[in-house]
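Architecture at a glance
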Amino acid sequence: EEVVLATRRARAVQREWALLSVGERAQVLLRFHDLVLSRQREVLDIIQLENGKTRIQAFEEVIGTATAARYYGHAAARHLRPQRRQGAFPLLTSTEEVRRPRGLVGFIVPWNYPLVLGITDALPALVAGNGVIIKPDEKTPYSTLWAVELLEQAGLPEGLAQVVTGEGAELGPAIVDNVDFVMFTGSTRVGKLVAARAAERLIEYSMELGGKNAMLVLDDADVARAVEVAATATFSNAGQLCVALERIYIHGSVYEEFVSRYVERTRKLRLGAGLDWKADVGCMMSAQQLDRVKEHVRDAVEKGAKVLAGA
């Protein structure tokens, strides 16, 4: 019931918002950009406390959010301006392509990047004249709430961006049933359910689902450089991101050197949970997530893997 009320509030405000020029809406994003940077210490603490990542990785979210706001603040008018097209009968007719807002866009976002994924996908929807309803993961709602508060301080009409918090299984269906477009980031399994429900209403959707990413280290590779890239791509956000490396294929001629250097580099990683800049790897998201990773390690060892560091 609260989701339905939230969608009604956003739609009521969206009608007036859509009447503003793209330039007026873009100014809100540019002011938001400045506020994010000037108040970044607040959200650095929020991200670390609710997600567990290191401060440098929380800072990456701050920069990513500010960059997205600045980009759409400057590029929206170019993306949204009317385009002349060839008419059905050349010289006799003319055609103009005009973009209009969808209305209300729903976002169901995960916990691993609570600020970036919580708000940056909504920014182009807002500057295009839409209202938005965002459901952050129930474990990490505060970064999204902070961002929406800052958007309203930057001039976004109150109520245009709604945030609903709670379990995805409970709130997700109500969101899909009451929006005009849905954006989902999460697992392939849940993505199929969201897609099927959206298809029932014949509304469009955009999805960013799970990855299975590989790295190739060939015989002519700069091994030292490859090790640094691999360490970053494997251990960023404690490995809790869709573009993390899941496996590495190494040419036999450089295999021993790569593995030796990679293990050495891994053992030098500093683990920590402080609100400072000292740690290289932060906490796992939850006890449940930790248990899942431990089960992966146990399963791999049972099937012949050899533990070279940690575990």
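Throughout what follows, the structure given in this document is the object of discussion. (Residues numbered from 1 in each chain as written. Predicted model: local features only at pLDDT ≥ 70, side-chain atom pairs only at ≥ 80, totals over all residues. Heavy atoms only, no water.)

Things to note about helix H7 (residues 142–153)
- Over its 12 residues, H7 runs 17 Å from end to end, which matches the ideal 16 Å to within 8%, given 1.5 Å per residue.
- For H7, every residue scored as buried is listed here: Ser143, Thr144, Trp146, Ala147, Val148, Leu150 and Leu151.
- Following H7 by one or two positions, Gly155 adopts a phi angle in the positive range, close to 115°. (Helix = DSSP H or I, 4+ residues; strand = E, 2+ residues; numbered from the N terminus. Expected span 1.5 Å × (residues − 1). Buried < 20%, exposed > 50% of the residue type's maximum accessible area, 1.4 Å probe, protein only.)

Observations regarding the environment of Thr65
- By secondary structure assignment, the location of Thr65 is in helix H4 (residues 55–80).
- Look past the residues within four positions of Thr65 in its chain and what remains in contact with it is Phe32, Val36, Leu115, Val116, Ile119, Thr120 and Leu123. (Contact = heavy atoms within 4.5 Å.)

Some details on the layout of surface pockets
- In this structure, the second largest pocket spans a volume of roughly 610 Å³.
- Leu80, Pro124, Ala125, Ala128 and Asn130 are the residues nearest the centre of the second largest pocket, which is lined by 22 residues in total.
- Contributions of two or more residues to the lining of the second largest pocket are made by helix H2 (22–38), H4, strand E3 (104–108), helix H6 (122–127) and strand E6 (181–185).
- With four residues, H4 is the single largest residue contributor to the lining of the second largest pocket.
- Among the residues making up the lining of the second largest pocket, the classes are represented as 14 nonpolar, three polar and five charged. (1 Å grid on protein atoms, 1.4 Å probe; cavity = no way out; pocket = protein on both sides within 12 Å on 5 of 7 lines; lining within 4 Å. Points joined across faces, edges and corners; volume = space filled by probe spheres on them. Nonpolar A, V, L, I, M, F, W, Y, C, P; charged D, E, K, R; others polar.)

As for a negative patch on the surface
- Residues Glu1, Glu2, Glu167 and Glu170 make up a contiguous surface patch of negative charge.
- Mapped onto the elements of the fold, Glu2 is located in helix H1 (residues 2–17). (Patch = residues over 30% accessible without salt bridge, like charges linked within 9 Å, V, L, I, M, F, W, Y side chains within 5 Å. Areas by Shrake-Rupley, 256 points an atom, 1.4 Å probe, with all protein chains shown as cover. Salt bridge = Lys/Arg side-chain N within 4 Å of Asp/Glu carboxyl O. Lys, Arg positive; Asp, Glu negative; His and termini not counted. Charge placed at Lys NZ, Arg CZ, Asp CG, Glu CD.)

Describing the packing of H2 against H7
- Contact geometry for H2 and H7: axes closest at 8 Å, N-to-C directions at 125°. Taken together, H2 and H7 sit at an angle that is classed as oblique. Every pair of crossing elements has a handedness; the one defined by H2 and H7 is right-handed. Contact with H2, carried on its side by Val28, Phe32, Leu35 and Val36, involves Trp146, Ala147, Leu150, Leu151 and Gln153 of H7 and no other residues of that element.
- Its residues placed into classes, the contact of H2 with H7 shows eight nonpolar, one polar and no charged. (Axes fitted to C-alpha atoms, helices over the stretch in contact; angles between N-to-C directions. Parallel < 35°, antiparallel > 145°, perpendicular 65-115°, else oblique. Left-handed = near helix turned anticlockwise from the far one by under 90°.)

A word on the sheet that holds strand E4 (residues 131–135)
- The strand order across the open sheet built from five strands is E5-E4-E3-E6-E7, with neighbouring strands paired in parallel fashion. Looking at the sheet topology across the chains shown, the edges are occupied by strand E5 (161–163) and strand E7 (204–208). Ignoring which end each strand starts from, the neighbouring axes of this sheet average 15° apart.
- Across five bridges, the pairing between E6 and E7 is parallel. In the sheet register, Phe184 faces E7, and the bridge partner there is Met207.
- Each of E4 and E5 touches H7; the most contacted strand, E5, lies at about 155° to it. (Pairing = 2+ DSSP bridges.)

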